[in-house]
Amino acid sequence: MPWHEALPKINMFSFHRLCAVLTAFLLCCGHAALLQASESHLVEGQTLNDFLDAALLNNPQLQIAEEQLNISSARKRAATGQLLPQINANANLTDNTRNFSGLEQSFDGERYSLQLTQTLFNWQAFASRRRANAAVNQAEAEYFYELAILMTDVAERYFNVLQAQDALDSIASEQEAVQNQLEQVRSLYDRQLAQVTDLYQAQASTASVQADQLRLEAELALAKDALRSVAGIEVGELFRLQENVEVPPLQNSIQHWVQLARENNPLIESRRHAVEVAEENISEKQGAYMPRVSFIAQRQDSNVGFDNAPQTRTDNTYFGVDVSIPLYAGGSNKAAVSEARSQQNIAENELRQVQLQTSERVRGAYLQSQASESLVEAAEILVQSTAVSAEAMQRGFSLGTVTSVDVLNSLRDQYRAERDLQRARYEQIKYLLLLKREAGTLSAEDLLEVSSWLQEAQDR
């Protein structure tokens, strides 16, 4: 079922904000257009929105989480059904031959009945319904966590492709610059104005850049394959990150983000509901010690009596209350309660473990995002200084004041600084999205803002 049709059927609770913002994101991205393209076998994606929408339609892990939610909802309906009136109709038709004191009698027997049963008190059934409700909330939280993971995973893989492509473009420019330097050195060597060691050094630098180019081509192919596998569509000519885009700096302290994660992280929320499930399971098992009370109403029409003996047709209607009191079950009820208590302890420890792991991930993402901001600033300064240095070395080489080795080293430093800046810019975006995902604050505005930083490659 398409995302935009399935989403309204989800019974949202503490994740209504995430649901709403992601729905708005899909609408803004033109989900209907992508769905139409998918039906017409579109094989290439270009924008980040293309891959996000395709992943929502094609990702198996998200589909599994959705079906787990559907299963929990069905179990909740089944548990609720046990508390509603139960109506049964029975019909019994027999061909009877009766021999009594030497007299043989044949007759057709008929018995019809209609019975209504309504639970008045059944602690186990009540607890089972509460447990099923908590299980739905747990499955819903897990679904939204899988959704958030998918969104950030697609964005990360998309930017990995862009980073690999930018690095390949940079190495191509470096290859051209080094090749030009090699030609200059070869020309000087032919005129006996340069030493053979200079020529060898220029040739070695060219070979080194070519090797790096081959490695980056392989990395680009792997990055594209990773993006293709998560979205289910081919990778076309991707939109590229705009020059001089400004990523918003981090706001608030690390403790603020950790507190947000404790309150909003869907995975933590799912573990909380798992504890509720375990608690209701204990209550359900303890209900085995309590009486069960049901109301019964029955109407019966029959012409046979005990042992299918013939009798005058009778209509019998009765109302009653059935009370069942458990006395002894051989210790099985006590064992079931003990098992349920152990499951509760496990659920509580799993909640604690997830809280600690989430706090660790939030702190790591915060520190890495903060470091990326500083790295971008430092890398921008380094790019400018190495570009000036490379230009100065070229002039110095023309004047004979520096060697070819100095020029090659300056070119290497210039393009390495350029690639370091590109990597730092992409990492800053990826860590920011990761931080918001773990804090449970990832919104449509965040994803739309990231998408707005991209433009067609020819417009760069």
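For the structure, check the block above.
In this text, all values refer to a predicted model and were calculated from it rather than measured experimentally.

A. Inspection of the overall build of the chain at higher detail. Looking only at helices and strands, the chain features twelve helices and eight strands. When each of the 460 residues of the chain is scored for burial, the buried share is 42%. Here the contacts in the chain between residues at least 6 apart in sequence split such that 81% fall between residues at least 24 apart. Accessible area of the chain: about 24,700 Å², with a carbon and sulfur share of 50%.

B. Expanded view of helix H11 (residues 404-439). Under the 1.5 Å per step criterion, the end-to-end length of H11 is 52 Å for 36 residues, consistent within 8% with the ideal 52 Å. Residue Gly-440 follows H11 closely and has a positive phi angle near 75°.

C. Main features of the pattern of salt bridges. Overall, the coordinates contain 22 salt bridges when judged by the stated rule. One salt bridge in this structure joins Arg-271 and Glu-142, with 3.1 Å as the shortest N-O distance. Remark: Glu-142 occurs in helix H6 (residues 123-190) and Arg-271 occurs in helix H9 (residues 266-286); sequence separation between them is 129 residues. For the salt bridge of Glu-438 with Arg-361, the shortest nitrogen-to-oxygen distance reads 3.1 Å. One end of the pair, Glu-438, is in helix H11; the other, Arg-361, is in helix H10 (residues 332-399), and 77 residues separate them in sequence. Each of Glu-110, Asp-301 and Arg-313 takes part in a single network of salt bridges with overlapping partners.

D. View of the packing of H10 against H11. Interaxial distance between H10 and H11 falls to 6 Å at its minimum, and their mutual angle equals 160°. Considering the angle they form, H10 stands roughly antiparallel to H11. H10 and H11 meet at a crossing whose hand is left-handed. Residue composition of the contact of H10 with H11, by class: 22 nonpolar, eleven polar and nine charged.

E. Structural view of the environment of Phe-121. One can find Phe-121 in strand S3 (residues 103-121). A relative accessible area of 30% places Phe-121 in the partly exposed class. Here the alpha-carbon distance between Phe-121 and Phe-295, two residues 174 residues apart in the chain, equals 9.6 Å. When sequence neighbours within four positions are dropped, the list of residues in contact with Phe-121 reads Phe-126, Met-290, Pro-291, Arg-292 and Val-293.

F. Spatial organisation of unusual backbone geometry. Even without a glycine there, the phi angle at Asn-252 is positive, about 70°. Here Asn-252 is to be found in the loop between strand S5 (240-241) and helix H8 (254-264).

Criteria and thresholds
- Residues numbered from 1 in each chain as written.
- Predicted model: local features only at pLDDT ≥ 70, side-chain atom pairs only at ≥ 80, totals over all residues.
- Heavy atoms only, no water.
- Helix = DSSP H or I, 4+ residues; strand = E, 2+ residues; numbered from the N terminus.
- Buried < 20%, exposed > 50% of the residue type's maximum accessible area, 1.4 Å probe, protein only.
- Contact = heavy atoms within 4.5 Å.
- Areas by Shrake-Rupley, 256 points an atom, 1.4 Å probe, with all protein chains shown as cover.
- Expected span 1.5 Å × (residues − 1).
- Salt bridge = Lys/Arg side-chain N within 4 Å of Asp/Glu carboxyl O.
- Axes fitted to C-alpha atoms, helices over the stretch in contact; angles between N-to-C directions.
- Parallel < 35°, antiparallel > 145°, perpendicular 65-115°, else oblique.
- Left-handed = near helix turned anticlockwise from the far one by under 90°.
- Nonpolar A, V, L, I, M, F, W, Y, C, P; charged D, E, K, R; others polar.

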